[in-house]
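Report on the structure
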Amino acid sequence: MNGEEMTAWWFVLPSFALLMIFVFYPMLQAFIISFQNYNLVGGTRSFVGLDNYRTLMTDQSFLASLRHSFYFAIIVIPIQTSISLGMALLIQKKVATTGLFRTIYFIPVVVSTAVAATVFKLIYNKEYGLLNNFLELLHLPTTNFLSNPDTAMNGVIMLGMWKAVGFFMIIFLAGLNNIPQDLYEAAKVDGASKIQQFFRITLPLLNRTTAFVVIITTIDAIKISGLVFVLTNGGPNGATETAVFYIYQMAFKQMQMGYGTAAAFILFAIVLVISLVQMRLFRNQDY
Amino acid sequence: MSRIASFVKYTIMIILAIVSIIPIFWMISGASRPYAELFKYSNSFNIHLFVPVHPTLQNFKDVIFNERNPFLTYIGNTLFVASIVTVLVLLINAMSAFAFAKLRFRGKGVVFALFMSAMIIPGEVTLVPNYLLMHNFGWLDSYKALIIPSMLSVFGIFLLRQFFAEVPDEILEAAKIDGASMPRTFLRIVLPAAVPPMITLGLMTFLGNWDSYLWPLIVINDDKKQMIQVAIAAFSSAEGTDWSKILAASTISTVPILIIFLFLQRYYIQGITMSGVKG
C-alpha cells in the first residue's frame, strides 16, 4: 500500500468504525433479535422463529398504530406539499420583503419539537387556548382537539405541519430557482396565462424536487414519534399511538426487545417499499 | 386586476407569517406575565392577549433557581453534549469526505457505497440493539452514550464531499511539492476552503442535538444529567397546571437557539437547499 492509500484509510477509519459499530452491527443484531423472545429485565432470550412477526400481524394495537401513522401520512403529504409549494411561490420573487417572510416562515422549523408540542398543548386547550378563542371569534364550534379520540390525531397533524412547512418551502424555493427564466419569457410571448405557465412549466420542471419532498414527507410521517410523545403521549385512548411510539412502548416500557424490534423491521420494510414505489412513479414521469 | 392580485398575495403572506410566529410570540409573552394574568385575556381579542399588563421576570427566576428542576443545568448539559458532538462530527466526517473526494485508494467505491446505503437505515430499527450496545459498554446514564454514536454523519460526508471535490487538484499538488503532509494539507488548505458547508453541517448537527428527544429519554435516567428537551417534556407533564413556568422554561430553551439561527440562517438554509437539490 502506498503512502496516499495509507493516509486515505486513516482518514476514513474513524467514521468507518462508527458506521460498522453503530449502524451495520446493530442492523444485523436487530435482525437476529427480531426472531427472539428477548426480555431485558428477566435476562431471558430464546429463539422463537417467526413468532414475533406472526403475532404482530394480528396484534390489534400494532395494526392500529400503523393505521394512525398512515392516516398522518395520507393527510399530511398533499396538504403540506401544496402549502410549502405555495409559500415558495409567494416569496420566490426577490424583493425587499421576501427575505423577512422567508425567515418568519422558517422559524417554526428551528423551534424544538418538545417546546412546540408543549406550547401547542396550551393553544389547543378548550377553555383558555388561543385556537378556540379564535374559533369563537368566527362563531365556529370550539373543541379540545386533544381530548377527543376522533380529533386528537388532527391536532398532532396541524402541529406537525406548522413545524415542517418552512423546511419544505426552502427546498421548493431551491427547485424554483433552478428553472430557467427564459422558459417563462417564451411562454409569455406565446400568450400563456399564469395558470398555464404553472401547470406547463413550473410543475413539470419541479418534478425532481417534488419527488424529493414527497418521499421525505412520507418517510417522516410514517416514522412520526416526537410530537406524539410530548403532545398527547399516545392518548386519548391510544388514538394517537403511532408505529414508532408503539415500538418504544414495547421495547422500553414492556421490555419486549424482540417483539419491539420485529415491529421496527416491519416499519422499515414498509418505508422502504413506499419510497421505492414513489421513486419509480416519479421517475416514469420524467421528461 | 394586478393590484387586487398583489393585495391578495400580501394578505396571504401576512396571514401565513402570523400563523408561523404567533405561537412563539405568545409563548414569550405568556412567560413574562404573572400566572393570574395568563388566562385573564384569553377570551377576548385585545392587545393584552399578547402584551403583558404587568410584565414580570418572576417566572424565569422561578424556573432558573428551582432546586428540583435546574433548567440552567439542563441547558448546560445539552450545550456540552451538542458542542462536543458538533466539533467531532465536523472533524471525523470531513476527514472521510476528503478521502472520498481527493484521495485514491483501493475499495473506495465499495466503502463509499456502504456509507451511502446507511442512509436508508432508519434509527428506529437500530434503537433496541444500540441501546443494548450502550448497556454492554456500561455507557448508560453517561454522555458517552449520547456523544459517541452521534459522531457519524453520513449526510455530512455526502455534503462535504461535494465541496472538497471542487478544490482544484493543482493546489493539492503544489502543497505536496512544497513538502506538506496530507494531514497538513487537509487542515491548512482544504478545510479553510470549505468554511460555509462546515458552518452548515455544524449548525444542522448542533440544532439536531439540541432537539434530540427519544435517544436521551432512553439512555439517560439520572435527572441531573438529562437533556433539555426531555426535561421540558417531563416538566410540562409534572407541573401540568403551572403554565407560566412551563412557558418560561420553554422560552429559556428556545430564545438562545432562535438568536443563533437568526445570525447564521443564511448558511443553515443554504445547507438544506443543497441537500434538497442533490436528493
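Residues numbered from 1 in each chain as written. Chains lettered and ligands numbered in written order. Predicted model: local features only at pLDDT ≥ 70, side-chain atom pairs only at ≥ 80, totals over all residues. Heavy atoms only, no water.

**Describing the overall build of chain A**
To keep it simple, the criterion reads: For helices the rule is a DSSP run of H or I covering at least 4 residues; for strands it is a run of E covering at least 2, with both sets numbered from the N terminus onward. Only protein chains enter the accessibility calculation, which uses a 1.4 Å probe. A residue is then buried if its area is under 20% of the maximum for its type, exposed if over 50%, and partly exposed in between. In what follows, a contact means two residues having at least one pair of non-hydrogen atoms within 4.5 Å. Using the Shrake-Rupley algorithm and a 1.4 Å probe, accessible areas are obtained, with residue cover drawn only from the displayed protein chains. Lys and Arg are tallied as positive, Asp and Glu as negative. Neither His nor the chain termini are counted. We put the charge of a Lys on NZ, of an Arg on CZ, of an Asp on CG and of a Glu on CD.
When you go through chain A residue by residue, the secondary structure sums to 13 helices and two strands. Expressed along its principal axes, the backbone C-alpha trace of chain A runs to roughly 75 × 70 × 35 Å. Per-residue burial for chain A yields a buried fraction of 56% across its 287 residues. Within chain A, counting contacts between residues at least 6 apart in sequence, those at least 24 apart form 68% of the total. Entry remark: accessible area of chain A is about 13,200 Å², with carbon and sulfur atoms responsible for 64%. Positive and negative side-chain charges in chain A, numbering 17 and 13 respectively, have mean positions lying 2 Å apart.

**Comments concerning the pattern of salt bridges**
Selection rule: The rule for a salt bridge is simple: a side-chain nitrogen of Lys or Arg has to be within 4 Å of a carboxyl oxygen of Asp or Glu.
Counted according to the given criterion, the structure contains seven salt bridges over all chains. A salt bridge links A:Lys223 to B:Glu124; its shortest N-O distance comes to 3.6 Å. Here A:Lys223, found in the loop between α10 (207-222) and α11 (226-231), pairs with B:Glu124, found in the loop between α5 (108-117) and α6 (127-137), and the two come from separate chains. You can call B:Glu124 buried: its relative accessible area is 16%. Connected through shared salt-bridge partners, A:Glu4, B:Arg104 and B:Lys176 make up one network.

**Side note on the UniProt feature "transmembrane region" (unreviewed entry) in chain B**
Residue and element names in this part refer to chain B. In plain terms, the rule: UniProt positions are given in the numbering used here, feature names are shortened, and annotations may be inferred rather than shown by experiment.
In the numbering used here, UniProt assigns the "transmembrane region" (unreviewed entry) feature to residues 7-28, 79-100, 112-133, 145-164, 185-207 and 246-264. Here residues 185-207 is 96% helix and 0% strand, with 30 Å between the C-alpha atoms at its ends. Secondary structure content for residues 246-264 is 100% helix and 0% strand, and the end C-alpha separation is 28 Å.

**So, the nonpolar core**
Worth spelling out the cut-off: Note on terminology: a nonpolar core comprises buried Ala, Val, Leu, Ile, Met, Phe, Trp, Tyr and Cys residues joined through side-chain atoms within 4.5 Å.
If you look at the biggest cluster of nonpolar residues, it comprises 193 residues, and the most contacted ones within it are A:Met257, B:Phe115 and B:Phe164. The residues contacting A:Met257, other than those within four sequence positions of it, are A:Ile33, A:Tyr38, A:Leu40, A:Ala251, A:Phe252, B:Val128, B:Tyr131 and B:Leu132.

**What about the environment of A:Ala221?**
All names here are of chain A. Relative to the helices and strands, Ala221 resides in helix α10. Taking the C-alpha atoms as reference points, Ala221 and Phe70, 151 residues apart in sequence, are found 7.7 Å from one another. Discounting residues that sit within four places of it in the chain, Ala221 has contacts with Ser69, Phe72 and Ala73.

**A short note on the packing of helix α1 (residues 3-33) of chain A against helix α4 (residues 71-102) of chain B**
For clarity, the cut-off: Every axis in this analysis is a line fitted to C-alpha atoms, fitted for helices over the stretch in contact. Angles between the N-to-C directions lie between 0 and 180 degrees. Oblique is the label for any angle not covered by the other classes, which are roughly parallel (under 35 degrees), roughly antiparallel (over 145) and roughly perpendicular (65 to 115). By the definition used in this description, the sense in which the near helix is turned from the far one sets the handedness, with an anticlockwise turn below a right angle giving left-handed and a clockwise turn giving right-handed. Polar here means any residue other than Ala, Val, Leu, Ile, Met, Phe, Trp, Tyr, Cys and Pro, which are nonpolar, and Asp, Glu, Lys and Arg, which are charged; Gly is therefore polar.
The contact between α1(A) and α4(B) brings their axes to 8 Å, and the two run at 135°. In terms of axis orientation, α1(A) runs oblique to α4(B). The interaxial crossing formed by α1(A) with α4(B) has left-handed handedness. The segment α1(A) lies against α4(B), with A:Glu4, A:Ala8, A:Trp10, A:Phe11, A:Val12, A:Pro14, A:Ser15 and A:Leu18 engaging B:Ile92, B:Asn93, B:Met95, B:Ser96, B:Phe98, B:Ala99, B:Phe100 and B:Lys102. When grouped by side-chain class, the residues that make up the contact of α1(A) with α4(B) number 11 nonpolar, three polar and two charged.

**Quick look at the packing of aromatic side chains**
The relative placement of two aromatic rings is captured by the distance of their centres and the angle of their planes. Put simply, the test is: Pairing of aromatic rings covers Phe, Tyr and Trp, the last counted by its six-membered ring, and requires centre-to-centre distances within 6.5 Å; plane angles under 30 degrees mean stacked, over 60 mean edge-to-face, and any other angle means tilted. Remark: a charge is flagged as sitting over a ring if the NZ atom of Lys or the CZ atom of Arg is within 6 Å of the ring centre and within 35 degrees of the ring normal.
Applying the stated criterion across every chain yields a total of 32 aromatic pairs over all chains. Centroid distance A:Trp9 to B:Phe105: 5.3 Å. Interplanar angle 65°. Geometry classified as edge-to-face. A residue pair is termed interchain when its members come from two chains, as with A:Trp9 in helix α1 and B:Phe105 in the loop between α4 and α5. In this structure A:Trp9 comes out as partly exposed when scored by relative accessible area, which is 26%. Look at B:Phe105 and you get buried, because its relative accessible area is 8%. Their ring planes at 85° and their centres at 5.1 Å tell us that A:Phe198 and A:Phe199 sit as a pair that is edge-to-face. Given a relative accessible area of 21%, A:Phe198 falls into the partly exposed group. An aromatic cluster of at least three residues, connected via ring pairs, comprises A:Trp9, A:Phe16, B:Phe100, B:Phe105, B:Phe112 and B:Phe115. For the cation-ring pair, B:Arg266 lies above B:Tyr267, with the distance from its terminal atom to the ring centre recorded as 4.7 Å.

**Digging into α6(B)**
Residue pairs three or four apart in sequence face the same way in an α-helix, which turns once every 3.6 residues. Of all 11 residues making up α6(B), eight are buried, and the element is well covered by its neighbours. Turning to α6(B), its buried residues number three or more, namely B:Leu127, B:Val128, B:Pro129, B:Asn130, B:Tyr131, B:Leu132, B:Leu133 and B:Met134.

**A look at unusual backbone geometry**
Peptide bonds are trans in most cases, and residues, glycine excluded, mostly fall at negative phi. Residue A:Asn237 is not a glycine yet carries a positive backbone phi of 60°. Topologically, A:Asn237 is positioned in the loop between α11 and α12 (243-253).

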